[in-house]
Amino acid sequence: MSEPIRIVVGYTADDSGADALAFGARLAGATEAFLEVVMILPIEARGGVVPRDPGYERHVKERSQRWLTEASAKIGDDIAQSLHIRYAESFAEGLVEAAHEFGASLIVVGSARGASLGRSRIGSVASALLHASDVPVALAPAGSREVPTSLGVTRITAAIGLRAGASAVLEASVRLGRATHAPLRLLSLVPIDLPSGMDEELADLTSTAHADEVLVEAQRALPAGVEATVSTATGSSIEESVRGLDWHAGEIVLVGSSRLATPSRLFLGSTGSKMLRELPVPMIVVPRPEN
């Protein structure tokens, strides 16, 4: 019997943590994955800077364990899960270490405080992960805790391009589609950032032709037996293009890393960042391929 897929959820005792846990549970339920729910405490909490205080350390750990237990109870017994407390210099560093420890294929975090309902906002933890992790990272939009676990995953959208990273996004999307039994959509964006003096109609035609080329190449690269719908989003900006698309409540979008990423690591580029601001669904960022 093969080992289950493992998903690390970075939990915090607030709405962001609840959103991350809820999305992690929904994805775990859809893929029969094992959920590793992790709270990262600063090194200082166990006496790393000030003289060790066993009483304080015990208090912090017991409080954190209580928060984890209360949160875990809300997602029920149907999701296989384990609760952990780990110490690290930073939350992001601790989550990556936990993902390596458990052999996880995904790290899930919530949005930063202040995100609008249904949207994502990158805070310091997510930013550190999205620009350095060697494990795919998912960002759960604000309000994900209101989406029922039973909804599962209703569609996988692969945002693709002609860069080398497109193959990694396509492969990851196909794997996730198979695991969740969700239909696959291939998406190419056509933002028109017009240089000064350029003909608008010509730019539109050029951009659309490029998007069609992207989709044709992606369809050719699909494994035998895998089908996908295709969609081209047009607009005067990435944000407008994303707003003009239809999105399912249980959808997940996968994007690749920027060409600035070092091999096998993440780097959320400008296109992905602009998409994220308007996406009403979770986004998973895939590391750049080794080659």
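Quick notes on the rules
Residues numbered from 1 in each chain as written. Predicted model: local features only at pLDDT ≥ 70, side-chain atom pairs only at ≥ 80, totals over all residues. Heavy atoms only, no water. Helix = DSSP H or I, 4+ residues; strand = E, 2+ residues; numbered from the N terminus. Core = buried A, V, L, I, M, F, W, Y, C linked by side-chain atoms within 4.5 Å. Buried < 20%, exposed > 50% of the residue type's maximum accessible area, 1.4 Å probe, protein only. Contact = heavy atoms within 4.5 Å. Phe/Tyr/Trp six-rings, centres within 6.5 Å; stacked < 30°, edge-to-face > 60°. Lys NZ or Arg CZ within 6 Å of the ring centre and 35° of its normal. 1 Å grid on protein atoms, 1.4 Å probe; cavity = no way out; pocket = protein on both sides within 12 Å on 5 of 7 lines; lining within 4 Å. Points joined across faces, edges and corners; volume = space filled by probe spheres on them. Nonpolar A, V, L, I, M, F, W, Y, C, P; charged D, E, K, R; others polar. Salt bridge = Lys/Arg side-chain N within 4 Å of Asp/Glu carboxyl O.

Peer 1: Mind showing me how you'd approach unusual backbone geometry here?
Peer 2: Glycine aside, residues mostly have negative phi, and peptide bonds are mostly found in the trans state. With a phi angle near 60 degrees, Glu-32 is a residue other than glycine that sits in the positive phi range. You will see that Ser-264, though not glycine, has its phi angle at about 70 degrees, which is positive. If you trace the backbone, Ser-264 turns up in the loop between β9 (251–256) and α8 (270–278).

Peer 1: Before we go on, may I ask you to explain the nonpolar core in this structure?
Peer 2: The nonpolar side chains of a soluble globular protein tend to be buried with one another. Of all hydrophobic cores here, the largest spans 49 residues; its most connected members are Ile-7, Leu-35, Leu-184, Leu-186, Ile-252 and Leu-254. Examining the composition of this core, we find that 7 residues originate from one element, helix α1 (residues 15–31), more than from any other. Beyond its immediate sequence surroundings of up to four residues, Leu-184 is in contact with Ile-156, Ala-158, Ser-173, Val-174, Leu-222, Val-226, Glu-227, Ala-228 and Thr-229.

Peer 1: Honestly, the packing of aromatic side chains in this entry has me stumped. Any pointers?
Peer 2: In this structure the tally under the stated criterion is 0 aromatic pairs. A cation sits over an aromatic face here: Arg-6 above Phe-34, 4.8 Å from the ring centre. Over the aromatic face of Trp-247 sits the side chain of Arg-185, whose NZ or CZ is 4.9 Å from the ring centroid.

Peer 1: Would you explain the layout of surface pockets in this entry?
Peer 2: If a probe as big as a water molecule is rolled over the atoms, it shows which places are left empty. Taken as a whole, the second largest pocket spans an internal volume of roughly 430 Å³. The wall of the second largest pocket is formed by 22 residues, among which Asp-14, Ser-16, Ser-111, Ala-112 and Arg-113 lie closest to the centre. For the lining of the second largest pocket, the secondary-structure elements that each account for two or more residues are α1, β4 (106–110) and α4 (124–130). In terms of residue count, α1 provides more of the lining of the second largest pocket than any other element does, 4 residues in total. Looking at side-chain class alone, the lining of the second largest pocket contains 8 nonpolar, 8 polar and 6 charged residues.

Peer 1: In this structure, what is going on with the pattern of salt bridges? I would like to understand it.
Peer 2: Pairing of side chains with opposite charge becomes possible as their charged atoms draw close. Inspection of the entire model under this criterion finds 10 salt bridges. Each member of the salt-bridge network shares a partner with another, and the members are Arg-155, Arg-185, Asp-246 and Glu-251.

That's the geometry; what it means functionally is another story.
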